[in-house]
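Summary of structural features
This is what each chain is made of:
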Amino acid sequence: MTHTIETPVNTRVRIRQVAGNIGAEILGVDAAEDLSDDVIRELRQALLTHKVIFIRRQNLDYDRLVAFGKRFGTLTLGHPIYGGPEGKPLLREMDSRGEGTRANYWHADFTYMDNPPAFAFLHNVVCPEVGGDTIWANTGAAYRDLPEGLRTLADGLRVIHSNDSDFTDATYDGDVRTKYLKNRFAAEHPAVRVHPETGERCLLLGGFARAVTGYTPQAGRDLLRILTEYATKPEYTVRWKWQKGDLVIWDNQATLHYAIKDYTEHRRGERVTVAGTTTVGVDGAPAVTLQGNTSDFVAGTGM
């Protein structure tokens with residue numbers, strides 16, 4: 001069922017579209033303030049419409065970022081494998097000097113869970129002068145424009161996602177990789193999920209997708225490659241040049257993203273995520289957990 005949000009009037013929010021199919025910059029909002037319910041509703045509608053929204057010059061410590069994120073739903077722990085830093089359990093630090101911070105591979109966050117996060121809030125704290133842009137792709141628009149035969153095929157596919165994946169092989173090395181794979185997680189998702197708020201059909205792909213149920217390994221990889229090629233066409237993407245203080249919010253239910261690794265200076269961001277629902281396909285069949293237990297990722301969030 002499609003969920004409709006009424007757009008409020010007489011707020012300070014101004015929305016500037018950034019690219020043709022995805023992305024909008026939000027003007028006139030300070031996320032550190034105690035924003036009205038009308039402003040939050042308008043921000044949520046902008047997020048659902050544009051899939052990723054950008055807010056410049058935000059001054060957010062941990063408590064303020066958490067408070068703002070909670071206006072959009074229940075927050076998860078910082079990471080289903082690593083948890084969060086001491087005293088900051090809801091935070092994921094994305095630090096180029098730390099472990100496991102590369103994400104230069106198309107993915108949606110934590111799709112090896114049956115209920116990946118709905119929304120992600122990433123606040124830039126340290127920004128390189130050159131490089132380090134991030135790209136997002138609109139998987140709803142990509143699905144809409146698929147050739148009819150491929151769209152029909154995709155509607156019926158089920159895809160296995162795992163943390164033992166191409167994403168891991170491409171972005172984790174040595175002891176970091178060993179630690180990351182100490183516990184294995186896997187879930188079977190529909191290749192096309194129905195967005196729980198808008199009812200839009202969106203491709204559910206990315207670097208954690210490793211096999212298609214019922215197909216040989218090679219045939220499954222070919223199907224995933226073809227669908228990903230359509231999903232990440234430049235026409236469906238937006239590229240953001242970060243500045244210190246930027247807050248970027250994306251709909252993890254309708255996007256893929258890629259953090260470009262072309263910088264040498266220190267880069268650090270802080271992220272919180274809103275808990276999502278179990279994915280559901282166009283036939284009404286939900287995702288299924290195949291391996292591992294990530295229940296604490298959401299269960300430990302009453303902080």
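A brief report on the enclosed structure follows.

Parameters and conventions
Residues numbered from 1 in each chain as written. Predicted model: local features only at pLDDT ≥ 70, side-chain atom pairs only at ≥ 80, totals over all residues. Heavy atoms only, no water. Helix = DSSP H or I, 4+ residues; strand = E, 2+ residues; numbered from the N terminus. Rg over C-alpha atoms; globule rule 2.2 N^0.38 Å. Buried < 20%, exposed > 50% of the residue type's maximum accessible area, 1.4 Å probe, protein only. Contact = heavy atoms within 4.5 Å. Areas by Shrake-Rupley, 256 points an atom, 1.4 Å probe, with all protein chains shown as cover. 1 Å grid on protein atoms, 1.4 Å probe; cavity = no way out; pocket = protein on both sides within 12 Å on 5 of 7 lines; lining within 4 Å. Points joined across faces, edges and corners; volume = space filled by probe spheres on them. Nonpolar A, V, L, I, M, F, W, Y, C, P; charged D, E, K, R; others polar. Phe/Tyr/Trp six-rings, centres within 6.5 Å; stacked < 30°, edge-to-face > 60°. Lys NZ or Arg CZ within 6 Å of the ring centre and 35° of its normal. Expected span 1.5 Å × (residues − 1). Pairing = 2+ DSSP bridges. Axes fitted to C-alpha atoms, helices over the stretch in contact; angles between N-to-C directions.

Quick look at the overall build of the chain now. Scanning the chain from terminus to terminus reveals eight helices and 16 strands. Over its C-alpha atoms the chain spans a radius of gyration of 18 Å, differing by no more than 12% from the 19 Å that the globule rule assigns to 303 residues. Along the first, second and third principal axes, the C-alpha atoms of the chain reach 50 × 45 × 40 Å. Residues counted as buried form 54% of the 303 residues belonging to the chain. Partitioning the intrachain contacts of the chain with sequence separation of at least 6 by distance along the chain shows that 84% fall at a separation of at least 24. Carbon together with sulfur atoms contributes 47% to the accessible area of the chain, which is approximately 13300 Å² in total.

Within the structure shown, the criterion is met by two cavities of 30 Å³ or more. A volume near 340 Å³ is recorded for the largest cavity. Around the largest cavity, the lining comprises 27 residues; the ones closest to its centre are Met 94, Ala 103, His 107, Asp 109 and Arg 271. Secondary-structure elements contributing two or more residues to the lining of the largest cavity are strand 4 (92-95), strand 5 (119-126), strand 6 (134-138), strand 14 (255-259) and strand 15 (268-274). If you add up the space inside the second largest cavity, you get close to 40 Å³. Around the second largest cavity, the lining residues are Ala 108, Thr 139, Arg 193, Cys 202, Leu 203, Leu 204, Leu 205, Asn 252, Gln 253, Ala 254, Thr 255 and Leu 256. Every element with two or more residues in the lining of the second largest cavity is listed here: strand 10 (201-203) and strand 14. The residue inventory of the lining of the second largest cavity, partitioned by class, reads seven nonpolar, four polar and one charged.

Going through the model one piece at a time under the given rule, you end up with 17 aromatic pairs. For the pair Phe 68 and Phe 72, a centre-to-centre distance of 5.3 Å together with 70° between the ring planes defines the contact as edge-to-face. Pair check on accessibility: Phe 68 and Phe 72 agree, each one buried. Taken together, a centroid distance of 6.2 Å and an interplanar angle of 55° make the contact between Phe 110 and Tyr 112 tilted. Three or more aromatic residues joined by ring pairs form one cluster here, namely Tyr 82, Tyr 105, Phe 110, Tyr 112, Phe 167, Tyr 172, Tyr 180, Phe 185, Phe 208 and Phe 297. Of note, Lys 261 hangs over the ring of Tyr 263, and the distance from its end group to the ring centre comes to 5.0 Å.

On to helix 1 (residues 37-50), then. Two residues of an α-helix separated by three or four positions point the same way, owing to the 3.6 residues in each turn. The end-to-end C-alpha separation of helix 1 is 20 Å, in line with the 20 Å expected for 14 residues at 1.5 Å each. Looking at the buried residues of helix 1, the elements they touch are strand 1 (14-17), strand 2 (24-27), strand 3 (52-55), helix 2 (62-70), strand 5 and strand 13 (247-251).

Turning our eyes to something else, we now look at the sheet that holds strand 1. One open sheet accounts for seven strands, arranged 1-2-3-13-5-15-4; its pairing is mixed. The outermost strands of the open sheet, each flanked by one partner alone, are strand 1 and strand 4. Along the sheet, successive strands turn relative to each other by an average axial angle of 25°, direction set aside. Bridge count between strand 1 and strand 2: four bridges; the pairing is antiparallel. The residue of strand 2 that forms the bridge with Arg 16 is Glu 25. Contacts between helix 1 and the sheet are confined to strand 1, strand 2, strand 3, strand 5 and strand 13, with strand 3 contributing the most and set at about 130° to the helix.

Function-wise, these values are silent; they only describe arrangement.
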